[in-house]
Amino acid sequence: MQNELLQVLAIAAIIAPITTGFTELYKRYTPAEGKLLPVLSILTGILLAGGWALAFGHLSLLGSYVLAGLLSGLASVGVYQIVKPNEEVK
């Protein structure tokens, strides 16, 4: 069990920067704004992690990989919220 949790965290840490990059692409090149960007980020993380599981033949751990994708998407949303300009300060 502990080994699986470490694997999930490692995969989430690897996928998170890629998910953040896709979120930045969505932000720049699509009209998606506001509440839609976090949803797109989470879905991107889940799809990347699911693709990773399929690519390396870890179908028995697909649920764990999807959890890792969810974590990477949430981490990407956190980075987006930190970097996003705060309009209340102006």
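The present account deals with the structure reproduced in this document. (Residues numbered from 1 in each chain as written. Predicted model: local features only at pLDDT ≥ 70, side-chain atom pairs only at ≥ 80, totals over all residues. Heavy atoms only, no water.)

### Remarks on the overall build of the chain
Item 1. Secondary structure summary: the chain contains three helices and zero strands in total.
Item 2. Ordering the α and β elements of the chain from the N terminus gives α-α-α.
Item 3. Within the chain, the fraction of its 90 residues that count as buried is 29%.
Item 4. Once local pairs closer than 6 in sequence are excluded, the contacts in the chain between residues at least 24 apart make up 71%.
Item 5. Carbon together with sulfur atoms contributes 69% to the accessible area of the chain, which is approximately 6000 Å² in total. (Helix = DSSP H or I, 4+ residues; strand = E, 2+ residues; numbered from the N terminus. Buried < 20%, exposed > 50% of the residue type's maximum accessible area, 1.4 Å probe, protein only. Contact = heavy atoms within 4.5 Å. Areas by Shrake-Rupley, 256 points an atom, 1.4 Å probe, with all protein chains shown as cover.)

### As for the packing of aromatic side chains
The description of an aromatic ring pair rests on the distance of the ring centres and on the angle between the ring planes.
Item 1. All chains considered together, the criterion is met by two aromatic pairs.
Item 2. When the ring of phenylalanine 22 is compared with that of tyrosine 26, the centres are 6.5 Å apart and the planes differ by 35°; the resulting orientation is tilted. Taken together, the positions of phenylalanine 22 and tyrosine 26, both in helix H1 (residues 2–29) and four residues apart, correspond to about one turn of that helix.
Item 3. Among the residues examined, tyrosine 26 registers a relative accessible area of 23% and is labelled partly exposed.
Item 4. Measuring from centroid to centroid gives 5.7 Å for tryptophan 52 and phenylalanine 56, while their planes differ by 50°, and the two rings are tilted.
Item 5. What makes tryptophan 52 partly exposed here is its relative accessible area of 25%.
Item 6. Using a relative accessible area of 55% as the deciding quantity, one classes phenylalanine 56 as exposed. (Phe/Tyr/Trp six-rings, centres within 6.5 Å; stacked < 30°, edge-to-face > 60°.)

These figures come from the coordinates and say nothing about function on their own.
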